[in-house]
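# Close look at the chain arrangement
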Amino acid sequence: MSKNIDWENLGFSYIKTDYRYIAYWKNGEWSKGELTQDNVLHISEGSTALHYGQQCFEGLKAYRCKDGSINLFRPEQNALRMQKSCQRLLMPEIPVEMFVDACKQVVKANKDWLGPYGSGATLYLRPFLIGVGDNVGVSPAPEYIFSIFCCPVGAYFKGGMKPTNFIVSDYDRAAPQGTGAAKVGGNYAASLYPGKMAKARNFADCIYLDPAKHTKIEEVGSANFFGITKDNKFVTPLSPSILPSITKYSLLYLAKERLGMDVVEGDVYIDQLDQFKEAGACGTAAVITPIGGIQYGDNFHVFYSETEVGEVTTKLYNELVGIQFGDVEAPEGWIVKVE
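This structure is a prediction, so every number in the text was calculated from the model and none was measured. (Residues numbered from 1 in each chain as written. Predicted model: local features only at pLDDT ≥ 70, side-chain atom pairs only at ≥ 80, totals over all residues. Heavy atoms only, no water.)

## Details of helix H5 (residues 246-257)
Structurally, the α-helix is built with 3.6 residues per turn, so residues lying three or four positions apart point the same way. Across its 12 residues, H5 extends 16 Å between first and last C-alpha, which sits within 8% of the 16 Å expected from 1.5 Å per residue. Burial in H5 covers these residues: Ile-246, Thr-247, Lys-248, Ser-250, Leu-251, Leu-252, Leu-254 and Ala-255. (Helix = DSSP H or I, 4+ residues; strand = E, 2+ residues; numbered from the N terminus. Expected span 1.5 Å × (residues − 1). Buried < 20%, exposed > 50% of the residue type's maximum accessible area, 1.4 Å probe, protein only.)

## Let's talk about the domain arrangement of the protein
How big an interface is tends to be reported as the loss of accessible area on association of its parts. For the protein, the assigned domains are domain 1 (20-153) and domain 2 (164-325). Put simply, the middle of domain 1 and the middle of domain 2, counted by C-alpha atoms, are 26 Å apart. Contacts between the two partners involve 25 residues from domain 1, matched on the other side by 21 residues from domain 2. Both faces considered, domain 1 and domain 2 share a buried interface measuring about 1800 Å² in area, 62% of it formed by carbon and sulfur atoms. Where the side of domain 1 that touches domain 2 is concerned, the elements lending two or more residues are strand S4 (55-57), strand S5 (60-64), strand S6 (70-73), helix H2 (75-88) and strand S7 (122-132). Take the side of domain 1 that touches domain 2: its biggest share by element is five residues, from H2. (Domains from an automatic or database assignment. Contact = heavy atoms within 4.5 Å. Buried area = accessible area lost by both parts, 1.4 Å probe.)

## As for the pattern of salt bridges
If you walk through the whole model with that rule in mind, you get nine salt bridges. Between Lys-3 and Asp-18 there is a salt bridge, and its shortest N-O distance comes to 3.6 Å. Within this pair, whereas Lys-3 is found in the segment before strand S1 (20-26), its partner Asp-18 is found in the segment before S1, the two being separated by 15 residues in sequence. We classify Lys-3 as partly exposed; its relative accessible area is 30%. (Salt bridge = Lys/Arg side-chain N within 4 Å of Asp/Glu carboxyl O.)

## A closer look at the pairing of S5
The element S5 is largely enclosed, with a buried count of five among its five residues. Burial along S5 is two-sided: the residues Leu-60, Ala-62 and Arg-64 and Lys-61 and Tyr-63 are all buried. Examined bridge by bridge, S5 and S7 share three bridges and lie antiparallel to one another. Counterpart to Ala-62 in the pairing with S7 is Leu-123. As paired elements, S5 and S6 share three bridges and run antiparallel to each other. Within S6, the position partnered with Tyr-63 by the bridge is Asn-71. Counted between consecutive antiparallel strands, the loop separating S5 from S6 contains five residues, among which Gly-68 sits at a positive phi close to 90 degrees. (Pairing = 2+ DSSP bridges.)

## Quick word on the state of the cysteines
Note on terminology: disulfide describes a covalent bond linking the sulfur atoms of two cysteines. Applying the stated rule across the entire model yields zero disulfides. The closest cysteine sulfur to the non-disulfide-bonded Cys-206 is located on Cys-282, 17 Å from its own sulfur. On the accessibility criterion, Cys-206 (2% relative accessible area) is buried. (Disulfide = S-S within 2.5 Å.)

## So, the environment of Val-138
Here Val-138 lies in the loop between S7 and strand S8 (143-153). Measuring from C-alpha to C-alpha, the distance between Val-138 and Tyr-52 comes to 7.2 Å, with 86 residues separating the pair along the chain.

## Quick word on the packing of H5 against helix H6 (residues 311-324)
For the pair H5 and H6, the least separation of the axes is 10 Å and the interaxial angle reads 110 degrees. Looking at the two axes, H5 sits roughly perpendicular to H6. Considering the relative orientation of H5 and H6, their crossing is right-handed. Residues Thr-247, Ser-250, Leu-251, Leu-254 and Ala-255 of H5 touch H6, and the partners they reach there are Leu-316, Glu-319, Leu-320 and Ile-323. Each residue belonging to the contact of H5 with H6 can be placed in one class, and the counts come to six nonpolar, two polar and one charged. (Axes fitted to C-alpha atoms, helices over the stretch in contact; angles between N-to-C directions. Parallel < 35°, antiparallel > 145°, perpendicular 65-115°, else oblique. Left-handed = near helix turned anticlockwise from the far one by under 90°. Nonpolar A, V, L, I, M, F, W, Y, C, P; charged D, E, K, R; others polar.)

## As for the pairing of strand S12 (residues 223-229)
Counting buried residues in S12 gives seven out of seven residues, a clear majority hidden from the surface. Pairing of strand S11 (residues 217-220) with S12, which is carried by two bridges, proceeds in the antiparallel orientation. Paired with Val-220 across the strands is Ala-223, a residue of S12. Hairpin connection of S11 to S12: two residues between the antiparallel strands, including Gly-221 at a positive phi of 60 degrees. Where S12 meets strand S15 (residues 276-283), six bridges bridge the pair, whose relative direction is antiparallel.

## Re the UniProt feature "modified residue: N6-(pyridoxal phosphate)lysine" (unreviewed entry) in the protein
The UniProt record annotates "modified residue: N6-(pyridoxal phosphate)lysine" (unreviewed entry) at Lys-183. Secondary-structure assignment places Lys-183 in the loop between strand S9 (164-168) and helix H4 (185-200). Residue classification places Lys-183 among the buried positions, given a relative accessible area of 10%. Leaving out residues up to four positions away in the same chain, Lys-183 has contacts with Cys-56, Phe-57, Glu-58, Gly-59, Arg-81, Ser-85, Tyr-188 and Leu-243. (UniProt positions renumbered as here; feature names shortened; annotations may be inferred.)

This is the structure:
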């Protein structure tokens, strides 16, 4: 039985649900994880997560299908990406099987918080790993906590998918050889100020250029960029500073295999936007956010429209969302059933 929630008007914010998963790493091994109702962490004041940013996280969703069953979308890919973040920050890796099993436990224990099919609501999962324990020096933590909590979230686009506008930022999201490809909190903390500046000018968020030369598009806020060229190619940036979006790689596959498009992962120069008839940002939260226009210096470039969504972007969105909610056949291995 679903909770008594106004699913149609649900936003994207923290809501305390019934259970979360927690496991501890001590003496070189993981404890057996368990579900708990306690949503407060009690950690040492010397924890490396607090002082040196030794922490990483993930984001994924559970979806209610028409038959009442529940889908997880490519959770193994989140597990593998988290392992790469762990490697970059010298943190113990969470085994893929442990990660996926923990996600399933959390969803099953909180299934009443997942909205009914057709409401557009999903259950957002936030796995995170933090360095804890008594510590002062700049070194890896002696202990770690891995946890997953979940929140019900509403449909990202109220009243339908609409294009939004973005502005190119003078700030860098990450250093050329920094932690841009890892999903770590510092990347997001650094984006708060330029994001606030963009919103003050009535833009949805920033577009960040490559930190070395500021000539190529890297990320759109906390999402990945893609463009549809006038000759119908799906193009998305490739850079060691970009977080490898699971949504982006899913769209690359679908554009090629389902829509028959040529796909290109490479340089996207900010002064060559005229090649694109459509553009968008993609990530777990919004799946696809159509980009109406981009402000770069004194120039405002409009793609398909500031008010209407392009045909290819719409097809990609419908294909991906259809797979996630179980209405479209998924490529092998993309869907993990919770129950």
